[in-house]
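Now for the letters of each chain:
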There are 2 protein chains.
Amino acid sequence: MVLYAEPLENLIEQLCRLPGIGPKSAERLAFFMLSIPREDAARLAEAIIDIKEKIHFCGICFNISEGDICSVCSDSRRDPTTICVVEEPKDILAVEKTGAFKGRYHVLGGAISPIDGIGPEELRFRELVQRLGQGGIREIIVATNPNAEGEATAVYLSGLVRPLGVTVTRIASGLPVGGDLEYADEVTLGRAIEGRKEL
Amino acid sequence: MVLYAEPLENLIEQLCRLPGIGPKSAERLAFFMLSIPREDAARLAEAIIDIKEKIHFCGICFNISEGDICSVCSDSRRDPTTICVVEEPKDILAVEKTGAFKGRYHVLGGAISPIDGIGPEELRFRELVQRLGQGGIREIIVATNPNAEGEATAVYLSGLVRPLGVTVTRIASGLPVGGDLEYADEVTLGRAIEGRKEL
């Protein structure tokens, strides 16, 4: 029986390690890379090497950054008294897009998930407490995902930070704007009712 | 507004060019690559470069090969009088896995698909006719996919090859082994009835 040549098998194996890429997708991707011009493949390979060399994590908030300190932390116009805590660097972009937040960030690096073996020690809570210890921070906005792990993380964070005399708030859950009551799941609709505001 | 750092944007853009990878998957993959150890990322990048350098197409059948001639074409035990025509190199592996074929192959490089701008000139029909011109080939088994493009390719191939006095056969369509009559689509079931064999 003919198997794929070794370099191709190797690439398929490497691609299989990526999240969401199974053996069939890996095979398809590998054959695609085989079919494209050499320069295009080289450009992709270089881009992968590049991010490992040029992208670092901000020494203050752990946002991704080309320098030692990210563009948010080095921007003196951003309010240093409010920190928005997120799970991943990409969540910062999501918050930035809203234009509704002018403070600083802190990236935990994930959410508490015992089932995946991620406890508080695996996340950047210690670094957050250190930042709070330096003083001047009044409010922590917890913007972890509104799922079980994100909620658990928010609860843990609240217990950790509140004794330090810092206000802890959680972003609101409710119906998405433009959504339809009829199609809302009952948990979301329940949260929307709980979180109702006076008009 | 903070955008992703340039090397990250670049990687996301490169990943978006891959088939089946949209902007969201590209973003997830890029962040994954950011999170893995540098050596793992380097290994993936090298694997991509490697296939472009080490993998060639067989000069006879256009199978993928580490040398100039692939392992099937250079195997003298394989029957040189029968050629199985497939769309892609990976189809060869699928046929090899069956163990039902002991001849040689010819990879067309795709199927005729006017909607995608792929006509007979874009495929390796000329090279196949050249192989037939060298004589000694008795049968061509057309193993293109059993879809519209694959069927069109089979019909075109048959018209091209039959005048040369070579038998052209098509792999059978019908119910998959282990399948269920109840769940078969009508076209497949129709084909299975048309292609019935005496017991």
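Residues numbered from 1 in each chain as written. Chains lettered and ligands numbered in written order. Predicted model: local features only at pLDDT ≥ 70, side-chain atom pairs only at ≥ 80, totals over all residues. Heavy atoms only, no water.

Colleague: Would you mind showing me how to read the confidence of the model for chain A here?
Modeller: Keep in mind that low pLDDT regions are not for reading the predicted coordinates in detail. Residues and elements named next belong to chain A. Mean pLDDT over chain A works out to 90, with 98% of the residues at or above the 70 mark. Averaged over each element, pLDDT in chain A is lowest for helix α7 (residues 186–194) (83) and highest for strand β4 (residues 103–107) (96). Overall fold confidence (pTM) sits at 0.71, and the ipTM for the predicted complex is 0.72. (pLDDT = per-residue confidence, 0-100. Helix = DSSP H or I, 4+ residues; strand = E, 2+ residues; numbered from the N terminus.)

Colleague: I'm lost on the sheet that holds β4(A) in this one. Help?
Modeller: What links the strands of a sheet is backbone hydrogen bonding, and the strands pair in either a parallel or an antiparallel sense. Residues and elements named next belong to chain A. The parallel open sheet is built from 4 strands, whose spatial order is β4-β3-β5-β6. The sheet terminates laterally at β4 and β6 (167–170), the two strands that pair on one side only. Pairwise comparison of adjacent strand axes, ignoring direction, gives a mean angle of 25° for this sheet. With 4 bridges joining them, strand β5 (residues 139–142) and β6 adopt parallel strand pairing. (Pairing = 2+ DSSP bridges. Axes fitted to C-alpha atoms, helices over the stretch in contact; angles between N-to-C directions.)

Colleague: Before we go on, may I ask you to explain the pairing of strand β4 (residues 104–107) of chain B in this structure?
Modeller: Each regular strand carries side chains that alternate between the two faces of the sheet. All names here are of chain B. Residues Arg104 and His106 of β4 are buried on one face, and the alternating residues Tyr105 and Val107, pointing to the opposite face, are buried as well. Direction of pairing for strand β3 (residues 82–86) relative to β4: parallel, over a ladder of 4 bridges. Bridging across to β4, cysteine 84 finds its partner in tyrosine 105. In this view, the connection linking β3 to its parallel neighbour β4 by way of helix α4 (residues 89–98) has right-handed handedness. (Buried < 20%, exposed > 50% of the residue type's maximum accessible area, 1.4 Å probe, protein only. Right-handed = clockwise from strand over helix to strand, strands pointing away.)

Colleague: Would you explain the nonpolar core in this entry?
Modeller: Nonpolar side chains in soluble globular proteins generally cluster together in the buried interior. If you look at the biggest cluster of nonpolar residues, it comprises 48 residues, and the most contacted ones within it are A:Leu8 and B:Leu8. Counting only elements with at least two residues in this core, the list comes to α1 (6–16), α2 (23–35) and α3 (38–54) of chain A together with α1 (6–16), α2 (23–35) and α3 (38–54) of chain B. (Core = buried A, V, L, I, M, F, W, Y, C linked by side-chain atoms within 4.5 Å.)

Colleague: Which parts of the structure should I look at to understand the state of the cysteines?
Modeller: Chemically, a disulfide is nothing more than a covalent bond linking the sulfur atoms of two cysteines. Under the counting rule described, the total for this entry stands at 0 disulfides over all chains. B:Cys73 takes part in no disulfide bond, and the closest cysteine sulfur to it belongs to B:Cys61, at a distance of 3.6 Å. (Disulfide = S-S within 2.5 Å.)

Colleague: Got a minute to help me understand the pattern of salt bridges in this structure?
Modeller: When charged atoms on two side chains of opposite charge get close, those side chains can pair. Residues and elements named next belong to chain A. Under the defined criterion, the tally for this structure stands at 14 salt bridges over all chains. Residue arginine 77 is joined to aspartate 75 by a salt bridge in which the shortest nitrogen-to-oxygen separation is 3.1 Å. The class of arginine 77 is exposed, set by a relative accessible area of 74%. Owing to a relative accessible area of 18%, aspartate 75 belongs among the buried residues under this scheme. Ionic pairing is found between arginine 191 and glutamate 151, a salt bridge with its closest N-O pair at 3.4 Å. With arginine 191 in helix α7 and glutamate 151 in helix α6 (residues 148–161), the pair connects residues that are 40 residues apart, well separated along the chain. (Salt bridge = Lys/Arg side-chain N within 4 Å of Asp/Glu carboxyl O.)

Colleague: Sorry if this is basic, but what is going on with the sheet that holds β4(B) here?
Modeller: Residues and elements named next belong to chain B. Spatially, 4 strands are ordered β4-β3-β5-β6 in an open sheet, and the strand pairing comes out parallel. Each of the sheet's edge strands pairs with one partner strand only, and the pair in question is β4 and β6 (167–170). Neighbouring strand axes in the sheet, compared pairwise and without regard to direction, differ in orientation by 25° on average. Helix-sheet contacts for α4 involve β3 and β4, and the interaxial angle to β4 is about 150°. Lying over the sheet, helix α5 (residues 125–133) contacts β3, β4 and β5 (139–142), oriented at roughly 150° with respect to β4. (Contact = heavy atoms within 4.5 Å.)

Colleague: What exactly am I supposed to notice about the relation of the copies chain A and chain B here?
Modeller: Applying a rotation about an axis and a shift along it to one chain copy brings it onto the other copy. Turning chain A through 180° and shifting it by 0.0 Å along the axis lays it on chain B, with an RMSD of 0.0 Å. Such a combination of turn and shift is consistent with a two-fold rotation axis. Taking C-alpha positions as reference, the residue of chain A nearest the rotation axis is A:Ala45, located at 2.2 Å. A high fraction, 100%, of the interface residues of chain A reappear at the interface in chain B, so the copies pair face to face through one surface. (Least-squares fit on C-alpha atoms with pLDDT ≥ 70 in both.)

Colleague: Teacher, can you tell me more about the interface of chain A and chain B here?
Modeller: How big an interface is tends to be stated in terms of accessible area lost as the parts join. With 53 residues of chain A at the contact, the number on the chain B side is 53 residues. Roughly 5,000 Å² is buried in total at the junction of chain A and chain B, and carbon and sulfur atoms are behind 76% of that figure. Our enumeration of links across chain A and chain B arrives at 0 salt bridges. Across the chain A-chain B interface, the total number found is 8 residue pairs in polar contact (both at pLDDT 80 or more). Only α1, α2, α3 and α4 (89–98) of chain A provide two or more residues apiece to the side of chain A that touches chain B. It is α3(A) that contributes the most residues to the side of chain A that touches chain B, 14 residues altogether. In terms of residue class, the side of chain A that touches chain B is built from 34 nonpolar, 5 polar and 14 charged. (Buried area = accessible area lost by both parts, 1.4 Å probe. Polar contact = N/O pair within 3.5 Å; in protein donor to acceptor, adjacent residues only side chain to side chain. Nonpolar A, V, L, I, M, F, W, Y, C, P; charged D, E, K, R; others polar.)

Colleague: Sorry, what's going on with the environment of A:Ala30 here?
Modeller: On the secondary structure map, A:Ala30 appears in helix α2. On a C-alpha basis, the gap between A:Ala30 and A:Ile48 in space is 16 Å, while along the polypeptide they are 18 residues apart. Dropping the residues within four chain positions of it, A:Ala30 is found in contact with A:Leu8, A:Leu11, A:Ile12, A:Leu15 and B:Ile51.

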